[in-house]
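Listed below, chain by chain, are the residues.
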Amino acid sequence: MTEKKAFITGITGQDGAYLSQLLLNEGYEVHGLMRRSASAHVATNRLDWLGITRDVHLHDGNLTDLSALIRTLQELQPTEIYNLAAQSFVKSSWQQPLLTGSVTGMGAANVLEAVRIVCPEARYYQASSSEMYGLIQEPVQSETTPFYPRSPYAAAKLYAHWMTVNYRESFGMHASSGILFNHESPLRGPEFVTRKVTDGVARIKLGLESELRLGNIDAKRDWGHARDYVRAMWLMLQQDEPDDYVVATGRTTTVRDMCRIAFEHVGLTPDAHLVIDPELFRPAEVDVLLGDASKAKDRLGWQAEITLEDMIAEMVDADLARLRQ
Ligand code: NDP
Ligand code: GDR
């Protein structure tokens, strides 16, 4: 039997942690790229939370350093590569447009080049995003919906997406792109809106805060659970042929309603606590996202299993537990 060896960029992020857990359970040897930090213990906190830090192999490197990527792949010769690393916070991409372009866009080109040079037979996954749809051209977005990026982040992701398609078509690489809609979990970064809400609700419930400040609560998102979504990534690389897939729940909810679900979980309502802060609005907004994942269902046998209500409850409970410690 061929050895199953995976290399994950972005292993310390939300998806990298859950994907590592899934691959370890599937019998893979799991390796990941970790950028050097002065606070290395903080960098591994998601892997720590899942209790798998000692089960994975971490390699010093950065997506912007092609030489490090080439040397690491030469040493490992992985069978599957998951490119999850990115400057992934949309709002920051207006503050750091060039860094976002280098990491989120050119970073993917670096990984593709390293794979092409070192291990062109390996299977490659690109973390594409529903943000690429941006200014919505069709009410429900599928693999055939035109893109219209609305942020430096989305523009960088679009470049990475088309580079993946291009390397598949030009060099016959097994390169697939998952167009994933928003997915969350207790391991979500605290700057993203779901986690900001669940952490805020937990603080209010415990009497540590009295208000929760948000921006555009009329925005609508198709929110799923990261644990479900990393399964779709893995399934894409188990197919004989590489392809692009939308991964979504098919349900869209306003930030306002997601917030209400979180407050109601602890027996409160948002009315007395929610403050709208104009500073938190974005220069350009993606108003509504709603994905059609029928291709993933038909070809991968994948569908979302965890509901928004169950996910928000899990996140609020995890934040309450963290704060109580
Ligand atoms: P996170 O922000 O949680 O994780 C990003 C990861 O990238 C972290 O491990 C981070 O390292 C790493 N990273 C950032 N910059 C560099 C760099 N220059 N070199 C090496 N590593 C770097 O993102 P998620 O886990 O939520 O998302 C995973 C991927 O999927 C991202 O590409 C994201 O854009 C994309 N995506 C996410 C969706 C979502 O809803 N979560 C939806 C669609 C796409 P460190 O820990 O040191 O910061
Ligand atoms: P998004 O996620 O930009 O969709 O990108 P985020 O949770 O940041 O925003 C979702 C929506 O909520 C609105 N919003 C707020 N957002 C944040 N962060 N903070 C607030 O206070 C706030 N108030 C309202 C936003 O305006 C937006 O409409 C995520 C990231 O994971 C990307 O990497 C990924 O590609 C996409 O999802 C799919």
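Please read all numbers here as calculations on a predicted model, not as lab measurements.

> Describe the site of ligand 2, and please don't skip the residues or the numbers.
Close to ligand 2 lie 22 residues; V90, S129, V193, G215 and A219 are nearest. Here the residues of the shell around ligand 2 are counted per class, giving nine nonpolar, six polar and seven charged. Summarising the domain contributions, the shell around ligand 2 has at least three residues from each of domain 1 (5–183 + 223–247) and domain 2 (189–221 + 252–289 + 307–324).

> Break down the site of ligand 1 for me, with residues and values.
In the vicinity of ligand 1, 26 residues are found, and the nearest of them are G10, G13, D15, A86 and A127. For the shell around ligand 1, the elements supplying multiple residues, two or more each, are α1 (14–25) and β5 (123–129). Ranked by the residues each element gives to the shell around ligand 1, the list is headed by α1, at three residues. Considering only residue class, the shell around ligand 1 consists of nine nonpolar, 15 polar and two charged.

> Account for helix α4 (residues 66–76), with residues named and values stated.
Listing the buried residues of α4 in full gives L69, T72 and L73. Down the axis of α4, the buried side of the element spans an arc of 95 degrees, and every buried residue falls inside it. Of the exposed residues in α4, those oriented more than 90 degrees away from the buried face are S67, Q74 and E75. Contacts made by the buried residues of α4 are with β1 (5–9), β2 (29–34), β3 (57–60) and α6 (97–118). Q77 occupies a position one or two residues after α4 and carries a positive phi of about 50 degrees.

> Lay out the UniProt feature "binding site: NADP(+)" (unreviewed entry) in the chain in plain terms, naming residues and giving numbers.
According to UniProt, the positions carrying the feature "binding site: NADP(+)" (unreviewed entry) are Y124. Counting through the fold element by element, Y124 comes out in strand β5. Residue classification places Y124 among the buried residues on the basis of 26 C-beta atoms within 10 Å. The residues contacting Y124, other than those within four sequence positions of it, are I81, N83, L112, V115, M173, H174 and A175.

> Break down the environment of G134 for me, with residues and values.
Within the secondary structure layout, G134 lies in the loop between β5 and α7 (152–171). Distance in space between the C-alpha atoms of G134 and F147 is 6.8 Å, their sequence separation being 13 residues. When near neighbours in sequence (up to four residues on either side) are disregarded, G134 contacts F147, Y148, P149, R150, A154 and V286.

> Lay out the packing of helix α10 (residues 255–265) against helix α12 (residues 308–324) with the relevant residues and their values.
Closest axis-to-axis distance for the α10/α12 pair is 9 Å, and the angle between their directions is 55 degrees. Considered as vectors, α10 and α12 are oriented oblique to each other. For the pair α10 and α12, the sense of crossing is right-handed. In contact with M258, I261, A262 and H265 of α10, α12 contributes L308, E309, I312, A313 and V316. Taken together, the residues that form the contact of α10 with α12 break down as seven nonpolar, one polar and one charged.

> How would you sum up the domain arrangement of the chain? Please name residues and give values.
For the chain, the assigned domains are domain 1 (5–183 + 223–247) and domain 2 (189–221 + 252–289 + 307–324). Here domain 1 and domain 2 have C-alpha centroids that lie 27 Å from each other. Listed per partner, the contact involves 16 residues of domain 1 and 15 residues of domain 2. For the side of domain 1 that touches domain 2, the residue count by class is six nonpolar, seven polar and three charged.

> Kindly report on the nonpolar core, identifying the contributing residues and their values.
General note: in soluble globular proteins, nonpolar side chains tend to be found buried as a group. V115 and V247 are the most contacted members of the largest nonpolar core, which totals 66 residues. Here this core takes eight residues from α7, the largest share from any one element. With sequence-adjacent residues up to four places away left out, V115 is seen in contact with L73, I81, P120, A122, Y124 and M173.

> Outline the environment of A262, listing residues and values.
Along the chain, A262 turns up in helix α10. Residues A262 and V201, 61 residues apart in the sequence, show an inter-C-alpha distance of 6.8 Å. Apart from the residues lying within four places of it in its own chain, the contact partners of A262 are V197, T198, V201, I312 and V316.

> Would you mind going over the UniProt feature "domain: NAD(P)-binding" (unreviewed entry) in the chain in detail, with residue names and values included?
Look at the UniProt record and you will see "domain: NAD(P)-binding" (unreviewed entry) annotated at residues 7–315. The straight-line gap between the two end C-alpha atoms of residues 7–315 is 28 Å; of that span, 42% is helix and 16% is strand.

> Give me the packing of α4 against α6: which residues, what numbers.
In the contact formed by α4 and α6, the axes pass within 9 Å of each other and the chain directions differ by 40 degrees. Our classification of the angle between α4 and α6 gives oblique. When the axes of α4 and α6 are compared, the crossing they make is right-handed. Counted together, L66, L69, I70, L73 and Q74 of α4 and N110, V111, E113, A114, V115, I117 and V118 of α6 form the full contact between these two elements. Looking at the contact of α4 with α6, its residues break down into nine nonpolar, two polar and one charged.

> So what's going on with the pairing of β2? Residues and values would help.
The element β2 is largely enclosed, with a buried count of five among its six residues. Pairing between β1 and β2: five bridges, direction parallel. Residue pairing for β2: A6 is matched across the bridge by V30. Running through α1, the crossover from β1 to the neighbouring parallel element β2 is right-handed. Pairing geometry for β2 and β3, over four bridges, is parallel. For H31, the partnering residue across the bridge sits in β3 and is H57.

Reading the values: the criteria
Residues numbered from 1 in each chain as written. Chains lettered and ligands numbered in written order. Predicted model: local features only at pLDDT ≥ 70, side-chain atom pairs only at ≥ 80, totals over all residues. Near = placed C-beta within 6 Å. Nonpolar A, V, L, I, M, F, W, Y, C, P; charged D, E, K, R; others polar. Domains from an automatic or database assignment. Helix = DSSP H or I, 4+ residues; strand = E, 2+ residues; numbered from the N terminus. Buried ≥ 20, exposed ≤ 12 C-beta atoms within 10 Å, placed from the backbone. Arc of directions from axis to C-beta. Contact = placed C-beta atoms within 7 Å. UniProt positions renumbered as here; feature names shortened; annotations may be inferred. Axes fitted to C-alpha atoms, helices over the stretch in contact; angles between N-to-C directions. Parallel < 35°, antiparallel > 145°, perpendicular 65-115°, else oblique. Left-handed = near helix turned anticlockwise from the far one by under 90°. Core = buried A, V, L, I, M, F, W, Y, C linked by C-beta atoms within 7 Å. Pairing = 2+ DSSP bridges. Right-handed = clockwise from strand over helix to strand, strands pointing away.

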